[in-house]
Protein chains: 2
Amino acid sequence: MKRNLYLNVQDKETALQNFLSAFEDISPKKEWIPVTESLGRITAEASYARYSSPSYNSCAMDGIAVISSHTKNASEDCPVLLAPEKDYLEVDTGDMIRPPYDAVIMAEDLIEAEGGFRIIAPTHPFAHVRAIGEDIVTQEMVLPSRHEIRAIDISVLISAGIHEIPVIKRPVVGIIPTGDEMIDYRETPEDGRIIETNSWMFQNLVTENHGVGRRYPIIKDDPVKIRSVVSDAVQDCDIVIINAGSSAGRDDYTVHAIRDLGEVLTHGVAIKPGKPVILGKVQGKPVIGLPGYPVSAYLTFVEFVVPVMHLFIQQNARPPKRVPAKLSKTLMSGLKYEEYVRVKLGIVEGELIASPLERGAGASMSLVRADGFCVIPQNREGIAAHETVSVELVRDMEQIGKTLVLIGSHDLILDVINDRMMEETKDMCLSSTHVGSLSGLIALKKKEAHLAPTHLLDEKDGSYNRTITREMFPDEKMVIIKGVRRRQGWIVKPGNPLSIGNISDITPEVRYINRQRGAGTRVLFDYLLKKEGIPTKNIRGYEHEAATHMSVAVAVQKDNADVGMGIYSCARALGLDFIDVTFEEYDFVTYASYLELPFVQEFLKILRSDAFKAKLEALGGYSCEKTGNLIYL
Amino acid sequence: MKRNLYLNVQDKETALQNFLSAFEDISPKKEWIPVTESLGRITAEASYARYSSPSYNSCAMDGIAVISSHTKNASEDCPVLLAPEKDYLEVDTGDMIRPPYDAVIMAEDLIEAEGGFRIIAPTHPFAHVRAIGEDIVTQEMVLPSRHEIRAIDISVLISAGIHEIPVIKRPVVGIIPTGDEMIDYRETPEDGRIIETNSWMFQNLVTENHGVGRRYPIIKDDPVKIRSVVSDAVQDCDIVIINAGSSAGRDDYTVHAIRDLGEVLTHGVAIKPGKPVILGKVQGKPVIGLPGYPVSAYLTFVEFVVPVMHLFIQQNARPPKRVPAKLSKTLMSGLKYEEYVRVKLGIVEGELIASPLERGAGASMSLVRADGFCVIPQNREGIAAHETVSVELVRDMEQIGKTLVLIGSHDLILDVINDRMMEETKDMCLSSTHVGSLSGLIALKKKEAHLAPTHLLDEKDGSYNRTITREMFPDEKMVIIKGVRRRQGWIVKPGNPLSIGNISDITPEVRYINRQRGAGTRVLFDYLLKKEGIPTKNIRGYEHEAATHMSVAVAVQKDNADVGMGIYSCARALGLDFIDVTFEEYDFVTYASYLELPFVQEFLKILRSDAFKAKLEALGGYSCEKTGNLIYL
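Procedures and definitions
- Residues numbered from 1 in each chain as written.
- Chains lettered and ligands numbered in written order.
- Predicted model: local features only at pLDDT ≥ 70, side-chain atom pairs only at ≥ 80, totals over all residues.
- Heavy atoms only, no water.
- Helix = DSSP H or I, 4+ residues; strand = E, 2+ residues; numbered from the N terminus.
- Rg over C-alpha atoms; globule rule 2.2 N^0.38 Å.
- Buried < 20%, exposed > 50% of the residue type's maximum accessible area, 1.4 Å probe, protein only.
- Contact = heavy atoms within 4.5 Å.
- Areas by Shrake-Rupley, 256 points an atom, 1.4 Å probe, with all protein chains shown as cover.
- Lys, Arg positive; Asp, Glu negative; His and termini not counted.
- Charge placed at Lys NZ, Arg CZ, Asp CG, Glu CD.
- Buried area = accessible area lost by both parts, 1.4 Å probe.
- Salt bridge = Lys/Arg side-chain N within 4 Å of Asp/Glu carboxyl O.
- Pairing = 2+ DSSP bridges.
- Right-handed = clockwise from strand over helix to strand, strands pointing away.
- Least-squares fit on C-alpha atoms with pLDDT ≥ 70 in both.
- Patch = residues over 30% accessible without salt bridge, like charges linked within 9 Å, V, L, I, M, F, W, Y side chains within 5 Å.
- Arc of directions from axis to C-beta.
- Axes fitted to C-alpha atoms, helices over the stretch in contact; angles between N-to-C directions.
- Polar contact = N/O pair within 3.5 Å; in protein donor to acceptor, adjacent residues only side chain to side chain.
- Parallel < 35°, antiparallel > 145°, perpendicular 65-115°, else oblique.
- Left-handed = near helix turned anticlockwise from the far one by under 90°.
- Nonpolar A, V, L, I, M, F, W, Y, C, P; charged D, E, K, R; others polar.
- Phe/Tyr/Trp six-rings, centres within 6.5 Å; stacked < 30°, edge-to-face > 60°.
- Lys NZ or Arg CZ within 6 Å of the ring centre and 35° of its normal.

(A) Main features of the overall build of chain A. Looking only at helices and strands, chain A has 16 helices and 38 strands in total. At 35 Å, chain A has a C-alpha radius of gyration far larger than the 26 Å of a compact globule built from 633 residues. Taking the principal axes of the C-alpha coordinates as reference, chain A spans close to 115 × 70 × 45 Å. A buried classification covers 60% of the 633 residues belonging to chain A. Taking contacts inside chain A between residues at least 6 apart in sequence as the whole, the part at least 24 apart equals 75%. Accessible surface for chain A amounts to roughly 25,200 Å². Of this, 49% is attributable to carbon and sulfur atoms. Taking the 71 positively charged and 86 negatively charged side chains of chain A as two groups, their mean positions are separated by 7 Å.

(B) Geometry of the interface of chain A and chain B. Listed as interface residues are 111 residues of chain A and, on the opposing side, 110 residues of chain B. Surface buried jointly by chain A and chain B totals about 9,600 Å² across both partners, of which 56% is contributed by carbon and sulfur atoms. Counting the contacts that link chain A with chain B gives four salt bridges. Residue A:Arg369 pairs with B:Glu140 through a salt bridge whose shortest N-O separation is 2.9 Å.

(C) Highlighting the pairing of strand 30 (residues 429–434) of chain B. Residues and elements named next belong to chain B. In terms of burial, strand 30 is a largely internal element, five of the six residues being buried. Pairing between strand 29 (residues 403–408) and strand 30: six bridges, direction parallel. If you follow leucine 404 over to strand 30, its bridge partner there is leucine 430. Handedness of the crossover is the feature at issue here: the chain leaves strand 29, passes through helix 9 (residues 413–425), returns alongside strand 30, and the resulting connection is right-handed.

(D) Region of interest: the relation of the copies chain A and chain B. Relative to chain B, chain A is turned by 180° and slid 0.0 Å along the rotation axis, the superposed coordinates differing by an RMSD of 0.2 Å. In symmetry terms, the pair is related by a two-fold rotation axis. When the interface residues of chain A are mapped onto chain B, 98% of them are again interface residues, pointing to one common binding face.

(E) Fine view of a positive patch on the surface. A surface patch of positive charge is lined by A:Arg466, A:Arg470, A:Arg485 and A:Lys626. Inspection of the secondary structure puts A:Arg485 in strand 32 (residues 478–492).

(F) Inspection of unusual backbone geometry at higher detail. Residues and elements named next belong to chain A. For the bond running from serine 53 to proline 54, omega is -5°, close enough to zero to count as cis. With respect to the helices and strands, the residue proline 54 is situated in the loop between strand 2 (47–48) and strand 3 (58–59). A positive phi is found at glutamate 85, a non-glycine position, where the angle reads about 65°. The topology assignment puts glutamate 85 in the loop between strand 5 (80–82) and strand 6 (88–91). The class of glutamate 85 is exposed, set by a relative accessible area of 59%. Notably, phenylalanine 126 is not glycine yet its phi reads approximately 70°, a positive angle.

(G) Spotlight on helix 10 (residues 437–445) of chain B. Residue and element names in this part refer to chain B. Every buried residue of helix 10 is accounted for by Ser437, Gly440, Leu441, Ala443 and Leu444. What you see down the axis of helix 10 is that its buried residues fit within an arc of 155°, all on one side. On its buried face, helix 10 is in contact with strand 29, strand 31 (452–454), helix 11 (466–472), strand 32 (478–492), helix 12 (520–532) and strand 36 (577–591).

(H) Local environment of the sheet that holds strand 5 of chain A. Residue and element names in this part refer to chain A. Sheet architecture is open: three strands sit in the order 5-9-8, paired in antiparallel fashion. Across the chains shown, the open sheet's two edge strands, defined by having one partner strand only, are strand 5 and strand 8 (111–113). Taken over all neighbouring pairs, the strand axes of this sheet differ in orientation by 35° on average, direction set aside. Both strand 5 and strand 9 (residues 116–119) contribute to a ladder of three bridges, which runs antiparallel. Counterpart to valine 80 in the pairing with strand 9 is isoleucine 119.

(I) View of the environment of B:Gln235. Residue and element names in this part refer to chain B. If you trace the backbone, glutamine 235 turns up in helix 4 (residues 223–236). Taking the relative accessible area as the measure of exposure, glutamine 235 reaches 49% and is therefore partly exposed. Between the alpha carbons of glutamine 235 and glutamine 17 there is a distance of 25 Å; along the sequence they are 218 residues apart. Filtering out sequence-adjacent residues up to four positions away, glutamine 235 remains in contact with Gln283 and Lys285. Within polar-contact distance, the side chain of glutamine 235 engages the side chain of glutamine 283 at 3.1 Å.

(J) Layout of the pattern of salt bridges. Residues and elements named next belong to chain A. If you walk through the whole model with that rule in mind, you get 68 salt bridges over all chains. Between lysine 447 and glutamate 349 there is a salt bridge, with its nearest N and O atoms 3.6 Å apart. Separated by 98 residues along the polypeptide, lysine 447 in the loop between helix 10 (437–445) and strand 31 (452–454) and glutamate 349 in the loop between strand 24 (338–348) and strand 25 (351–356) bring together distant segments of the chain. Overall, lysine 447 belongs to the partly exposed group, its relative accessible area being 29%. Via salt bridges that share partners, Lys493, Arg511, Asp559 and Asp562 belong to a single interconnected network.

(K) Structural detail: the side chain of B:Thr425. The residue B:Thr425 is located in helix 9 in this model. Judged by relative accessible area, which is 12%, B:Thr425 ranks as buried. Engagement of the side chain of B:Thr425 in a polar contact is seen with the backbone oxygen of B:Met421, the distance being 2.7 Å. Other than its neighbours up to four places away in sequence, B:Thr425 contacts A:Asn316 and B:Glu602.

(L) Broad picture of the packing of helix 4 of chain B against helix 5 (residues 254–261) of chain B. Residues and elements named next belong to chain B. One way to put it is that helix 4 packs onto helix 5 with a least axis distance of 9 Å and a crossing angle of 55°. Put simply, helix 4 runs oblique to helix 5. Judged by the sense of rotation from one axis to the other, the crossing of helix 4 with helix 5 is right-handed. Touching Ile226, Arg227, Val230 and Ser231 of helix 4 are Ala257, Asp260 and Leu261, all from helix 5. Class assignment of the residues belonging to the contact of helix 4 with helix 5 gives a composition of four nonpolar, one polar and two charged.

(M) Highlighting the sheet that holds strand 18 (residues 263–267) of chain A. Residues and elements named next belong to chain A. Pairing in this open sheet of six strands is mixed, and the strands run 16-13-17-21-20-18 from one edge to the other. The strands lining the two open edges of the sheet, one partner per strand, are strand 16 (212–215) and strand 18. Across the sheet, the axes of successive neighbouring strands diverge by a mean angle of 20°, strand direction being ignored. Taken together, the five bridges between strand 13 (residues 172–177) and strand 17 (residues 239–243) define a ladder with parallel strand orientation. Directly across from glycine 174, in strand 17, lies its bridge partner valine 240. In the packing of helix 3 (residues 198–208) onto the sheet, contacts are made with strand 13, strand 16, strand 17 and strand 21 (285–290), and the angle to strand 16 comes to roughly 160°.

(N) View of the packing of aromatic side chains. Taken as a whole and assessed by the stated rule, the structure comprises 28 aromatic pairs over all chains. With a centroid separation of 4.9 Å and an interplanar angle of 85°, the aromatic rings of A:Phe588 and A:Phe603 are classed as edge-to-face. Of this pair, A:Phe588 sits in strand 36 (residues 577–591) while A:Phe603 sits in helix 15 (residues 598–607), placing them 15 residues apart in sequence. As far as the burial class goes, A:Phe588 and A:Phe603 line up, both buried. Taken together, the aromatic side chains of A:Trp490, A:Tyr512, A:Phe525 and A:Tyr542 make up a single cluster linked through ring pairs. A cation sits over an aromatic face here: A:Arg215 above A:Trp200, 3.7 Å from the ring centre. The ring of B:Phe23 is capped by B:Lys281, whose NZ or CZ atom sits 5.3 Å from the centre of that ring.

(O) Helix 2 (residues 151–159) of chain B, seen in detail. Within helix 2 of chain B, nine of the nine residues are buried, which leaves the element mostly enclosed by the surrounding structure. Its buried side turned inward, helix 2 of chain B meets strand 15 (194–195), helix 3 and helix 7 (364–369) of chain A together with strand 2 (47–48), strand 11 (141–143) and strand 12 (164–168) of chain B. Just downstream of helix 2 of chain B, B:Gly161 is the residue with a positive phi angle, here 80°.

Structure, rendered in structure tokens:
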């Protein structure tokens, strides 16, 4: 088994500083472009006015142009009559004032009279006249170097007679996707094929960072081809990215290609995700091997490609905005890496709460959902729940302040409510973290969530959610916002080939997929096992946990399991069969005082709307007689 | 004289609310675009995954795929030997895991042995396997409505098999420039002609605000033509802007065009600059007449066009960011208007200082230079110096914190230093306000500036700047940063046609252009007059004031005056003649403690650099033997 070895796993700062210092001699390139197309570009040099503006003495008001010396005796007691031509000309704003006229009197200050106008006050030279160069003087510096051009700058440059302007050339970033298993997104993915998506992310990240992305076709894992394309790209681009093959697997040729063509400065950096990054230099240009997992690819782009792009753009990188936040759950981490954990943020009772998202390097949806990154330093083994951490923001604090935070049980309707909320309010949204009902109530207790979606049965009286809420919040005024009744049962393949009817049909031959500890569905399954006296070791796949109903359904659909417990709407969404076990009440627990919050108000409005009920109808498996009712406890 | 009357000068809020409520029925338009081109667009609907990702069980690590049940007896005491094919397959990250293999062991955990690998710990099903749908489950909502699409979203959409996406259509804003005197910027402006620049500002403001600008050719002040083009534009665009002709002059036909085609909701709003705005509705679409002065045009665009664009974009307008700042100078204002005054901002000793810029509606350079707007409410006659005002920011506070604030005398070298500073540091800049030497020292005294550029002569000993600094700052440790010696004298037309040699040649026939009170140059001129016993009334144009040396020079160049006093470099820049009067020392006064500030350090570095001295050489009229020296007082 021939595998590459990481040459030197460096800490991030050292790796980055070494890398940047290898390109200290990079100087910005300049290009001349039309001023009319310069929005957002950075000036490479100062621009000097060719024309003055105004370019002639111009009338600043609608009125009459006068000879100021003819007005000097005017007063209220002794008005002066001005005669047309001899004493004045009618003028409008912008008209040229020519000698002998040297001042303007506003229309509002004129008294119409026979043979002209009367005035009751004198004027002075250049009154209400915009003198030549009053705004811009020829040869004056209009914009300095390194100025980001805005709409207003463009019109001023044009007034000053500047039609072309030297700006910093945007760096061209070559993006080379590699991998035998990779296919273009327009092809249909067969088993074992992966849709190549990172190059599109890079292309757009390059655009967002003021560069020009140039995507190359996907290259197979062939060292000769890779080397040849990299060699070409180095000719045509300012920076080259190779993705992936940056790791130490048998088919990872990126490091060899860079070493053959130039120099590998670093292979392996102590960050997670993102370790297998390669920082190299070929013919004086930065060549970077980025790892293939989407989260690793994103992070290493931000940490290494963006800073090197800034060398070309000649702007200082803006440090990421960091805010302190209270962590909602303990995060363990290895001492070997600095780890970046994606978090959702929300403000509960004035405190910013960070809820960790999926940590896998492949969890690209966690990047979509993230509000920021919590960085666990290399020298720490983890961070305890409720500790204050520093979060690098990827979303505005203003938006985060408009986020309704739900922690608890999962249901498809949460996405629907979020969608409705975004559409109705345009700026409020819902953030939901799926930890199961019980953990949700604990989060609510700790004031880390606004609402806890819960479906917990009281076995004694068959009621849902009331008993546990009373127990956990004995002294607080609580409210249960009624959500939906939903069908909970066995999700099986179409036609129910194993004839699952009840829990005793889940024999040791049947592959089960379970839910995580604390999930209401897991509680229900464990209750059923106990009732029937079935030991958990008899359940094949009891340890095989999925985090959501949809993950259970897809495992059954794709034959990773034969049966799992979940809600009807998920079985239906994937065209699977469903056997009812129970109806359960999926509600939202909150403090009575939180009902006042504007996003909770909006949430209630949506729950009670006909549009929402129509959506439930379409999903199937829900009933909503009480949806939006309030039960005060 | 036939002029329009303003129908109703409304306060801004009323006018805006009436205007927006006339378009309450506007609903966003949707268009389908390729996901790969969707960066920055706003989703019109939620998007649901077509594919799961991963779409098959895939290997999460480089290593071997195993049958987990074959590993269950492995321990450190009793390692298990795994044989190729029978027990394992070598796999790399991303490879498909097919039955009977159901788990992966990392390469790092393998011990090479004869006939295969030894392992010392069991594994379990799906260990190091990315299960189908682990990241994205088919039918899952990937993005909700009203989400601004980022690079990371694009790659996730592609993974989920989404190739086209419904987004909110950008509103098309028709921009119609009008005016007999207006010419295209590519033409050479003759006297009486104005380069039409506002349409380019609007075009780019529309882009900045997520719309699509459509510029129409310049139309003459012809009511029939204007009406016809507006009528066409209303067909083709979502919003129409007419610029200008919105006032009440004889050639202002905009209001008639809108009234003929539809309805004028408001003509005249109580804001300054910007009063003559017209808010109208034609065939259900917003049609807006904007005033012609660049500052008025900019402000009314921001106040009225941007909010109406948001109706189409379906995003809430972000309220402007406001910060409290200390006003450096008293601002008077009329009770008739809410007035927007452009200000420069800087932080001096932790306090944010707002220095008002040129207030004229035509002063477009003041928009280029502005860091924000100080709004004087309609019910106030002004705001006193040192009062705290609220400033709407147009530049980041972070950038503002890196601004070196100079208040005092003007010289061309300030622009040069700013340019060098931007180029060298990329994010520090210099803000200079030209109020004359004495006012600059007063600002320094009040801690409203970091440096005061000064050239004040002590008539007794012929020294510059020391005496006044000692007098004004008797108890503080001060430093004079030596600037330049510069030639000060008479700026006259080429060939000196009036043979100006000294002050007695400025006879009452000669048109003089003066500088504003407090300017060092004015002080010098007054001193010369006094010395020669010449009364100011004998100076024709004594009241005709210009704010900078360059303004004096351009007045002479363009024959607004015959002579003015100023520095050599300005005369030379405009090809004028120059007669020496004196050499003066132009220095920078500051507190000794301010020398520590990073931007003052940078300022000193630039003053002392060869590059700066070369620039002075090129400007001419400066000598710099002591430039950058420090004199502690």
